[in-house]
Amino acid sequence: PVLELEGFQIGAVTGVQGMSWKEYIVKGMSNHAGTTPMHLRHDAGYGASAIALAARNLALAMGGNQVATVGTIQLKPGLVNVIAKEARLTVDLRNTDETRLQQAEADMTTRIEAIARAEGLEISSRSLARFEPVVFAPDMIELVTKTARELGLSVKSMPSGAGHDAGLIAAMAPTAMIFVPSANGISHNVQEYTAPKELENGANVLLHVLLQLVM
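Just so we're clear, the structure is a prediction, and the values are computed from it rather than from any experiment.

Asks: I'm lost on the overall build of the chain in this one. Help?
Replies: When helices and strands are tallied, the chain shows six helices and eleven strands. For 215 residues, the compact-globule estimate of 2.2 N^0.38 gives 17 Å, and the C-alpha radius of gyration of the chain, at 22 Å, exceeds that figure by more than 25%. Projected onto its principal axes, the C-alpha coordinates of the chain cover approximately 75 × 35 × 25 Å. Here the chain holds 215 residues, and 36% of them are scored as buried. If you take every contact in the chain between residues at least 6 apart in sequence, the share linking residues at least 24 apart comes to 80%. Only carbon and sulfur atoms are counted for the fraction: they give 57% of the accessible area of the chain, which is about 12300 Å². In the chain, 17 positive and 21 negative side-chain charges are present, and the distance between their average locations comes to 7 Å.

Here it is in structure tokens:
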């Protein structure tokens with residue numbers, strides 16, 4: 001969405017964000033939704049919601065490139081009139097800076113421990129994936145930038161917020177990436193669309209970068 005919003009035709013990608021994926025299991029107590037006073041509840045559903053809010057507030061408080069996402073929440077027993085006894089949810093934390101990512105992980109742990117104490121819940125976690133941020137080769141980034149400008153295209157240096165194979169390849173060979181705008185910045189969605197001209201621009205930059213590398 002950044003390229004479209006700011007009016008750039010090409011993104012010269014500087015690296016890939018680090019990411020930390022965790023699953024949290026929140027255990028409380030099932031009880032009747034009508035007869036249990038609010039102050040006597042150990043509501044796993046509320047605990048999961050509080051974690052989701054904590055993740056969002058953490059990202060907003062840290063600012064910069066920090067993002068946080070709760071992608072899944074499942075409640076048991078999953079009935080309209082029963083307080084949830086268990087919740088499972090995932091938290092996706094990302095940052096371009098490893099130190100800041102570690103800070104976000106520690107802050108998230110502190111916030112979740114406070115939720116558990118306040119609500120009388122048992123909250124455990126397991127790591128689903130953990131990748132440190134990757135910085136691409138400066139000369140490759142410069143080559144993408146220079147090539148785009150020579151082709152008369154506006155270019156912006158920017159990190160990738162998503163994970164990519166290029167992040168793993170960068171450990172073995174000088175690496176860079178080329179981004180092009182998508183309509184309304186939509187991705188991971190059936191409405192994702194990039195205009196043919198934008199695709200052509202990106203393909204041309206890639207072609208001319210490769211030609212320079214093999215000459």
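Asks: What is the right way to read the environment of Asp165 from this model?
Replies: Structurally, Asp165 is set in the loop between β10 (155-160) and α5 (166-169). Residues Asp165 and Ala59 lie 106 residues apart in sequence; the distance between their C-alpha atoms is 25 Å.

Asks: For this particular structure, what's the right way to read unusual backbone geometry?
Replies: As a rule of thumb, non-glycine residues mostly have phi less than zero, and peptide bonds are mostly trans rather than cis. In the segment running from Lys76 into Pro77, the intervening peptide bond is cis, with an omega of 5°. Within the chain, Asn184 stands out as a residue other than glycine whose phi angle is a positive 60°. The residue Asn184 is located in the loop between β11 (177-179) and α6 (196-214) in this model. For Asn184, a relative accessible area of 62% corresponds to the exposed category.

Asks: I tried to follow the environment of Thr109 on my own but got confused; where do I start?
Replies: With respect to the helices and strands, Thr109 occurs in helix α3 (residues 98-119). The class for Thr109 is partly exposed, based on a relative accessible area of 32%. As a C-alpha pair, Thr109 and Ala170 span 61 residues in sequence and 31 Å in three-dimensional space.

Asks: Teacher, can you tell me more about the pattern of salt bridges here?
Replies: Between side chains of opposite charge, a pair can form when the charged atoms approach closely. Scanning all chains against the criterion turns up eleven salt bridges. The salt bridge involving Glu23 is made with Arg88; its shortest N-O contact spans 3.5 Å. Taken as a pair, Glu23 in strand β2 (residues 18-27) and Arg88 in strand β7 (residues 86-95) lie far apart in primary sequence, 65 residues in all.

Asks: Mind showing me how you'd approach helix α4 (residues 138-150) here?
Replies: Given 3.6 residues per helical turn, the α-helix brings residues three or four places apart onto the same face. Across its 13 residues, α4 extends 18 Å between first and last C-alpha, which sits within 8% of the 18 Å expected from 1.5 Å per residue. Here α4 has its buried residues at Met140, Ile141, Leu143, Val144, Thr145, Thr147 and Ala148. On its buried face, α4 is in contact with β1 (10-16), β10, β11 and α6. Looking one or two residues past α4, Gly152 carries a phi angle of roughly 75°, positive in sign.

What counts and how
Residues numbered from 1 in each chain as written. Predicted model: local features only at pLDDT ≥ 70, side-chain atom pairs only at ≥ 80, totals over all residues. Heavy atoms only, no water. Helix = DSSP H or I, 4+ residues; strand = E, 2+ residues; numbered from the N terminus. Rg over C-alpha atoms; globule rule 2.2 N^0.38 Å. Buried < 20%, exposed > 50% of the residue type's maximum accessible area, 1.4 Å probe, protein only. Contact = heavy atoms within 4.5 Å. Areas by Shrake-Rupley, 256 points an atom, 1.4 Å probe, with all protein chains shown as cover. Lys, Arg positive; Asp, Glu negative; His and termini not counted. Charge placed at Lys NZ, Arg CZ, Asp CG, Glu CD. Salt bridge = Lys/Arg side-chain N within 4 Å of Asp/Glu carboxyl O. Expected span 1.5 Å × (residues − 1).

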